[in-house]
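# Observations on the model geometry
So the chains spell out like this:
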Amino acid sequence: MDVIRKFFRAVGENIASIGTTFAQGDAKTRLSYLIFGIGPLMRGQIVKGLAFLSCEALFIWYMVSFGWTYLSKFSTLGTVETHKEHRVTVYGDNSFLILLFGLLTIVLIFLVILVWRMNIEENRYEESLLKAGKKLPANKSVLGSLLDGNFDKTLLALPVLGIFLFTVLPIMFMICVAFTNYDKNHQSPTNLFTWVGLDNFKQLFTFGSSGFGTTFLKVLAWTMVWAFFATFLDYFLGMAVAILINKKGIKFKKLWRTILVITIAVPQFVSLLYVYKMFANDGLVNGYLMKWGWISSPIPFWTDPMLARITIIVVNIWIGIPYMMLIATGLLMNIPEELYESARIDGATPFQMFRSITLPYMLFVTGPFLLTQFTGNLNNFNVIYLLTKGQPQSMKMAENAGQTDLLVTWLYKMTVTNTDYKMAAVIGIMVFLVVAVTSLIVYNMLPSVRDEGGFQ
Amino acid sequence: MKKKLAVVLMAGALAAAMGMSAYADEIKVWVADNVVGFTEEQIEAFKEANPDFAGYDYLVEPVGEGDAAGNMITDVEAGADIFVFAQDQIARLVSAGALEEVAPDNEEAVKTENDAGAVAAATVGDILYAYPLTSDNGYFLYYDKSVISDPSTLEGILAACEEAGKNFYMEINSGWYQTAFFFGTGAELTYETDDDGNFTACNTSYASDAGLLALREIVELKASPSFQNGSAVGEATNCAAIVDGTWDSGAAQDLFGDNYACAKLPTFEGSDGKQYQMSGFGGFKLLGVKPQEDEDKLMACDALAAWLSSGDVQLARFDAVGWGPSNLEAQKSDAIQADAALSALAEQLQYTIPQGQYPGEYWTLATSLGDSVISGELTVDSSDDELMDALTKFQDTCISYAE
Amino acid sequence: MEKQQTGSMKRNKMIGNAFAYAALILISIIWLFPFFGLIMQSFRSYDPKVEYGGMVDYIIPKHFSLDNYRFLFSGETNYLRWYGNTLIIAFCVAILQTIIILCVSYALSRMRFKGRTLLMRFWLVLGMFPGFLTLICLYFLLKQFGLTQAGAIPGLILVSVASSGMGYYVCKGYFDTIPAALDEAAMIDGASRAKIFLILTVPLSKPIIIYTALVAFMAPWCDFVMASYIAFGYDKSYNVAVGMQRWVWTNDYQGYFTRFCAGGILVAVPVTILFMFLQKYYVEGVTGGAVKG
C-alpha cells in the first residue's frame, strides 16, 4: 500500500513540476517542450542538447519510416490475408511482426516520454544554476563524467540494451502471445492470428478430458518433487563425498577430486546420451544382468514411470555430486578447526560434530545457493530432455505430456514439436509464477535471512 | 524497412552480417543426408537439360524427412524451396502454407505415372500438392534365418526368440507401426480433409471388439521377455527379428550377415482364437514445392521437382540408395523385382492400407497409447473394461482433432 | 592402559580409512565408467567387414580401429566445420561475456546510482522466466538482422552475449570483497572511475575473470536447443551438438552410434584440457558463488 501511495505521489509531483517549469521557465525552456534539447543548445550545452535533440529526431524518423505501420495494426494484429495471384503467392499482414514491432514501438514511446521529462528537468536545472549566478559545466567535463562520475552509465548502456532487446522484449512478446490464438493453425506469414482474451488460461484450468488442468497439476507436482530431490540429495551426498575426501589420512586428495571434476568437463549431450543407452531395456546394464542370470527380463529403467523418475534422480546425483563436492570442499576448510577441537575434548562423536557444527554452518552459508539450485532445478531442461525426453507418455495426460516431463520440457515440446505457441506462453507464465512464489517462500525461511532479522 | 530498424537498433555494428539474407535467385533443396550427393548430380543433369533454369544457384542441404516438415512450419520463409517429406506431414504443411499446388502442366503426368496410393497420399482434399518420390514407406519383417525358421506367425517368432535368448523389435509406441495390429483385426481410422488441409471428419472404430483384440495382442506381445520396443536396426542389440522398412536394408544385411532374410509381417492368434494377418500403413515419400513470390522461380522449382520425381531418376535413386520407386514403369524394372526387401514389402503391401492424411496430434496420441502399454499401465492382467477405456479415450481424442 | 587405547584408536582409524578408500574407489569407478564406455565404443569400427557398428551388448570392441576418427576427419560430413564453429562461438562468447559481466559487476558493486536496486531486482525477476519461452521470438528477432541460418554463428554469439549481464552475481560478489579503501585512495590521487576499473580492479580479479571465461567457454559445447532453432536447414552453421545429435536422434543415420561416440570424445578434449589447468580457478569461482549466491 505504502509503495502505491509513494508511486502516485511521485507521479503527482512530476506532473506538477512539468507545469511549474513551463510557467516559470524562459523562452528557451518553453521551446524545449516541443524541440528536445533546444534550451541546453542555446545555453551552450552542446553535448547534452545534441543528445536530447538526436533522441527526438531518431524517434520521429523511426515512427515515420517503420514504427507507425506496425503500431497502427496492433489492435487487430493485421487484417490483410495472404492470397494467390495466378500461381504466385502474395503475403498479407504478418501478425507476428506486427505484435513484435508494435510492442517495441510502444516501449519506445514510453522511453521518449521519459527522455522528454529528463529534457524538461535539465532545462529547469540549468535555469536555476544560471539564476543563482553559477556557471554551467563545460561540454568537455560533461563527456568526461561518462568515464568518472557517470561511469556506471557507460558500463551499463550496452548490457541493459542487450537485455532489453533479447530478454525483456521477447518476454513481453510471449506474455502477449498468451492472449492470442497463435498456434499451428494461425501461423505467420500465411495465416493471421489475433487477440482472444483469457481463452487460453481458461483452457489451462479446464479439468476433464478436453482441458489441460489435470495434466498441468500432474506435471507441476513431479516438477516440484524432482526439484526437491535433485537439490537436496545432491547437496547432502556431495557434502558426504567432500567430507570423505577431506578425511585425515586419505591420500591422493587431488586425484579423487580430479576424477569427479572431469565429469563436469564432458558435454552433457554426449555423456547423458550414453548413460541413457546404458540403462535402456536392451542396453548394457540389462544385458549384463541378464547374461549373469540375475534377472530374467529387462528392468524397465526408462519405461516404467516410477522407475524412470527414480533413475533420473539417481543419474542426476551422478551429475550433481562433483559440483557440490567442489563447493563443500572449499567451505569445509573455512570452518574454524578450534570448534572441532573443543568438541573433541568434550567427547563428541564424529556424527555429533557433523550435526552440531558442520551442518548448521553449511546450511547457513549456502542457504541462498540452495535456493538458486532449487529454482534452477525447477527449470532443469538438459537432464530430463537428454535422458527421457519426458517419456513415457500416457493416455492419461493431455498434449503429449510425458510422465517425466517437467514444466519446462513440456513447454519446449509445445513450442518446437507442436508449434502450439499460445499454450506454451501460458505454461511459461505459470512456470514463472511457480518459481517466483517458491523463491519468495523459501527465501523467507532461509536461516541466514531469519538470523539477520533477529540480530537487527 | 527491416533494414532500417536494424540500423536504428544496432547502430550499424552488425551491418556486415545483414548482407547474408537469402537471395531470390537461390533455390534451396532439402533431402536426407545419404541422397545429398545423388541429388546434386541430378541437379547438374537438370541444369544441362534445361538451360533456361541454369541461372539459379541450387543449394542442397541435408535435412531429413523427419526434420523438414517441422522446420518448414517454424519459418516458411527460411525453409527450402523444394523438400522431401514423409506423407504423414502433408496436411500440416498445407495448412501452414508451406506447400504449393503441383503445376497444372505436371499434374496429369504425376497422376498417370505413379501408383494410385502415392497419388492419393499427395492429394489433400481434391488438390494435388506434392510429387510422389517413393512407394516404400511401409514395413515388413527382417529376421535371422539361423534363429527363426518359420516367420509366418508372431507366436512362432517370439517362441524362437525366447528360446535363443534373442530380441524381437517392433515399435509399438508409434502410430505408424501400431496400425499393423489395429488394421489387422479390422479396426478403422481414417480422416477426411478439405482443400486447405483442415481435417473435417474422422472415421474410426478403435473402441470396438476389433480394437480390443488388437490392443490385447499388443499387450501380450509386450509381455514376452524377448520383446523390445524399437524400429531402427542400428539401435537394436541382440536382435533376431525386427519390423522395419526398406531404408534399413543395408544395416540389416550388416547385422544379420549370411543369415539375412525378409518376409511379410506374420499372422497372430487373437484372444478369440482366430488368426489375423498383421496389416499396417503403406506410405510414401513426397517432394514438395514451397509457395513462391516470384513466377519464374516457381517455374524453375516445378520443373526441378518434376525432374527429381521422374521415373528415370527414381530408378537411379534406387540404384544409388535403394529407395523403392512410386513410378509404375520403374516398379516393373528387373532390379526392383529382384530386391529381397522390396519383394517382402510388395507382398506385405497387399495387406496394408494406403496411408491417407492424419493430423499431427494423432502420432503423439498413438505414442501415448503405446507408452501406456510399455510403461505397464495396461498389462496382460488388465480387464477388457480397462483396455476399452483407453481405446474409447483414444477414439474420442482422434475424433476431436477433426472438429 | 594408555598405550592400549591409542592402539585401538589406530586400528579403528585404519579400518575407517580402508572403508573410505573402498568407497572412493567405488565412486571413481561409477563416475568414470560411462567415459570408459564412450572411449571403447569410439574405437569400434562401423565397417561391417571389421565389426558390426550398431548397438552391441559388450563394452570392449573385438577389434580396435580408428575408423570412426578417420570418418570424422575425412570430410564426408561437415564435422570439422561444426567443430570450428563451436570453437569460434566459444571463444567469442568467453571474451565478450566476460567483458560484459565485468562491466556490470563493477557498476553494481562500486557505483551507487538511482535505480540500482530496482535494476537488480528487475533482473532477478526476469531470470525466473523459463529460458525456452522466448525461443521463437528470438529466432524472428535475429532473422530481422539476417543472423539466422547462414548468419547463425554471429547470431548465436549475439544471443549468448546480449543477456549475459544478468549473470553478474558471482563476479559482483568477488568485487565486493576487494576493499573499497583501495578505490578511495586511488580517487584521492585523481584517478577516474574508468582508470580505477581498468588499472586497479581488473588486475586484482584474475581468478574471477578466468572463472567467468571458463564457464562461458563451456556452455556453447552443449547448446543444441538454441543452436538448432537458429541454424536449421543450413548445415555449415551447425555447432557440434546440433550436427551430431542427428546421428543418434533421427532415422536418417543408421549405425552412426560409434561415430557419435568418437565425435563426443573429441568434443570433450578442449574443455577437459582447459579444466585440468584451470581447475583451481573454477573451484574458487564455484565456491565463491555458493557463499555469496
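Facing 30 residues of chain C, the contacting portion of chain B comprises 34 residues. Between chain C and chain B, a total of about 2,800 Å² is buried, with carbon and sulfur atoms accounting for 59% of that surface. Counting the surface chain C buries against chain B, the share from its top three residues, Tyr52, Phe145 and Phe232 of chain C, is 22%. Across the chain C-chain B interface, the total number found is two salt bridges.

This brings us to the interface of chain A and chain C. Tallying the contact residues gives 89 residues for chain A and 88 residues for chain C. In this assembly, chain A packs against chain C so that about 8,100 Å² is buried in total across both faces, 82% of it on carbon and sulfur atoms. By the criterion of area lost to chain C, the three top residues of chain A are Phe166, Phe269 and Tyr274 of chain A, representing 10% of everything that side buries. Put simply, chain A and chain C have zero salt bridges between them. Across the chain A-chain C interface, the total number found is six residue pairs in polar contact (both at pLDDT 80 or more). Element by element, the count of residues in the side of chain A that touches chain C is highest for helix α7 (residues 151-177) of chain A, at 17 residues. Here the side of chain A that touches chain C is composed, by residue class, of 66 nonpolar, 15 polar and eight charged.

Before going further, it helps to spend a moment on the domain arrangement of chain B. Residues and elements named next belong to chain B. The domains assigned to chain B are domain 1 (21-137 + 283-349) and domain 2 (140-279 + 359-400). Inter-centroid distance (C-alpha atoms) of domain 1 to domain 2 is 29 Å. At the junction of the two partners, domain 1 supplies 19 residues and domain 2 supplies 23 residues. For the pair domain 1 and domain 2, the summed buried surface comes to about 1,500 Å²; carbon and sulfur atoms form 61% of the total. Across the domain 1-domain 2 interface, the total number found is zero salt bridges.

Here we take up the nonpolar core. Membership of the largest hydrophobic core comes to 287 residues, with the highest contact counts inside it found for Phe166 of chain A together with Tyr79, Trp123 and Trp247 of chain C. When residues in this core are grouped by element, the largest group, 15 residues, is from helix α3 (residues 79-110) of chain C.

Within the secondary structure, valine 159 of chain C is located in helix α6 (residues 152-162). Taking the relative accessible area as the measure of exposure, valine 159 of chain C reaches 13% and is therefore buried. When the C-alpha positions of valine 159 of chain C and valine 283 of chain C are compared, they lie 27 Å apart, and in sequence the two are 124 residues distant. Sequence-distant contacts of valine 159 of chain C, defined by excluding residues within four places in its chain, comprise Phe166 of chain A together with Leu138, Leu142, Met226 and Ile230 of chain C.

Right, let's get into the domain arrangement of chain C. Residues and elements named next belong to chain C. Considered domain by domain, chain C is made up of domain 1 (2-68) and domain 2 (78-292). One C-alpha centre belongs to domain 1, the other to domain 2, and the line joining them spans 33 Å. Regarding the contact of domain 1 and domain 2, the summed buried area is about 810 Å², with carbon and sulfur atoms giving 77% of it. Among the residues domain 1 hides against domain 2, the three largest losses belong to Leu38, Tyr46 and Asn68. Together they make up 44% of the total. At the junction of domain 1 with domain 2, the criterion picks out zero salt bridges. The interface formed by domain 1 and domain 2 contains one residue pair in polar contact (both at pLDDT 80 or more). Per element, the largest residue contribution to the side of domain 1 that touches domain 2 is four residues, and it comes from helix α1 (residues 2-42). Residue classes in the side of domain 1 that touches domain 2 are distributed as four nonpolar, four polar and one charged.

The next thing to look at is the packing of aromatic side chains. Scanning the model with the defined rule gives 82 aromatic pairs over all chains in all. Centroid distance phenylalanine 7 of chain A to phenylalanine 8 of chain A: 5.5 Å. Interplanar angle 75 degrees. Geometry classified as edge-to-face. Accessibility expressed as a relative area gives 54% for phenylalanine 8 of chain A, which makes it exposed. Relative to phenylalanine 132 of chain C, the ring of tyrosine 412 of chain A has its centre 5.7 Å away and its plane inclined at 65 degrees; by these criteria the two rings are edge-to-face.

This paragraph deals with unusual backbone geometry. Residues and elements named next belong to chain A. Going from serine 188 to proline 189, the amide bond is cis rather than trans, its omega being 0 degrees. Looking at the secondary structure, you find proline 189 in the loop between α7 and α8 (199-204). Of note, the amide linkage connecting glutamine 391 to proline 392 takes the cis form, showing an omega dihedral of 0 degrees. By the element assignment, proline 392 lies in the loop between α16 (381-387) and α17 (407-416). At phenylalanine 252, a residue that is not glycine, the phi angle is positive and equals roughly 55 degrees.

Further remarks concern α17 of chain A. For the α-helix, the turn length of 3.6 residues means that residues three or four positions removed from each other point alike. Here α17 of chain A lies mainly inside the structure; nine of its ten residues are buried. When we look at burial in α17 of chain A, the residues that qualify are Leu407, Val408, Thr409, Trp410, Leu411, Tyr412, Lys413, Met414 and Thr415 of chain A. Close packing links the buried residues of α17 of chain A with α9 (213-246), α15 (350-378), α16 and α18 (421-445) of chain A together with α5 (135-144) and α11 (225-231) of chain C.

To continue, consider the environment of leucine 26 of chain C. With respect to the helices, strands and loops of the structure, leucine 26 of chain C is situated in helix α1. Distance in space between the C-alpha atoms of leucine 26 of chain C and tyrosine 211 of chain C is 30 Å, their sequence separation being 185 residues.

Residues and elements named next belong to chain B. Summarising burial for strand β7 (residues 140-144): five of the five residues are buried, a large majority. As judged from the four bridges shared by β7 and strand β12 (residues 239-244), these two strands associate in the antiparallel manner. By the bridge assignment for β12, phenylalanine 140 is matched with aspartate 244. Here β7 pairs with strand β13 (residues 260-263) via four bridges, running antiparallel. Bridging from a neighbouring strand, tyrosine 143 pairs with alanine 261 of β13.

Here the focus is a nonpolar patch on the surface. Judged by side-chain polarity, Val3, Ile4, Phe7, Phe8, Val11 and Ile15 of chain A come together as a nonpolar surface patch covering roughly 630 Å² of accessible area. With respect to the helices, strands and loops of the structure, isoleucine 4 of chain A is situated in helix α1 (residues 2-24).

Residues and elements named next belong to chain B. One open sheet holds the five strands; their spatial order is β11-β8-β12-β7-β13, and the pairing between them is mixed. The outermost strands of the open sheet, each flanked by one partner alone, are β11 (227-228) and β13. Relative to β11, strand β8 (residues 167-169) runs parallel, the two sharing two bridges. Residue pairing for β11: phenylalanine 168 is matched across the bridge by phenylalanine 227.

Any two side chains of opposite charge can pair, on the condition that their charged atoms come close. This structure, assessed with the given rule, holds 29 salt bridges over all chains. Between glutamate 126 of chain A and arginine 43 of chain A there is a salt bridge, with its nearest N and O atoms 2.9 Å apart. Of this pair, glutamate 126 of chain A sits in helix α5 (residues 95-131) while arginine 43 of chain A sits in the loop between α3 (38-42) and α4 (46-72), placing them 83 residues apart in sequence. When its relative accessible area of 1% is taken as the criterion, glutamate 126 of chain A is described as buried. When its relative accessible area of 13% is taken as the criterion, arginine 43 of chain A is described as buried. One salt bridge connects aspartate 67 of chain C with arginine 70 of chain C, and the closest N-O pair in it is separated by 2.9 Å. You can see aspartate 67 of chain C and its partner arginine 70 of chain C sitting in helix α2 (residues 67-73), three residues apart, about one turn around the helix. Overall, the relative accessible area of 15% leaves aspartate 67 of chain C in the buried class. Several salt bridges share partner residues, and in doing so they unite Lys84 and Arg87 of chain A together with Glu100 and Asp302 of chain B into one network.

All names here are of chain B. The buried fraction of β12 amounts to six of the six residues, a majority that puts the element mostly inside the structure. Pairing geometry for β8 and β12, over three bridges, is parallel. Bridging across to β12, asparagine 167 finds its partner in cysteine 239.

Once that is clear, we can look at the state of the cysteines. All names here are of chain B. Scanning all chains against the criterion turns up zero disulfides over all chains. Cysteine 262 carries a free sulfur, and the closest cysteine sulfur to it, the one in cysteine 239, is 12 Å from it. Of the residues examined, cysteine 262 reaches a relative accessible area of 17% and is grouped as buried.

On to the confidence of the model for chain C, then. Residue and element names in this part refer to chain C. Confidence in the prediction for chain C averages 86 pLDDT; 96% of positions are at 70 or higher. For chain C, α1 is the element with the lowest average pLDDT, namely 82, and α3 is the one with the highest, namely 93. Scored as a whole, the predicted complex attains pTM 0.86, and scored at its interfaces, ipTM 0.87.

Conventions and cut-offs
- Residues numbered from 1 in each chain as written.
- Chains lettered and ligands numbered in written order.
- Predicted model: local features only at pLDDT ≥ 70, side-chain atom pairs only at ≥ 80, totals over all residues.
- Heavy atoms only, no water.
- Contact = heavy atoms within 4.5 Å.
- Buried area = accessible area lost by both parts, 1.4 Å probe.
- Salt bridge = Lys/Arg side-chain N within 4 Å of Asp/Glu carboxyl O.
- Polar contact = N/O pair within 3.5 Å; in protein donor to acceptor, adjacent residues only side chain to side chain.
- Helix = DSSP H or I, 4+ residues; strand = E, 2+ residues; numbered from the N terminus.
- Nonpolar A, V, L, I, M, F, W, Y, C, P; charged D, E, K, R; others polar.
- Domains from an automatic or database assignment.
- Core = buried A, V, L, I, M, F, W, Y, C linked by side-chain atoms within 4.5 Å.
- Buried < 20%, exposed > 50% of the residue type's maximum accessible area, 1.4 Å probe, protein only.
- Phe/Tyr/Trp six-rings, centres within 6.5 Å; stacked < 30°, edge-to-face > 60°.
- Pairing = 2+ DSSP bridges.
- Patch = residues over 30% accessible without salt bridge, like charges linked within 9 Å, V, L, I, M, F, W, Y side chains within 5 Å.
- Areas by Shrake-Rupley, 256 points an atom, 1.4 Å probe, with all protein chains shown as cover.
- Disulfide = S-S within 2.5 Å.
- pLDDT = per-residue confidence, 0-100.

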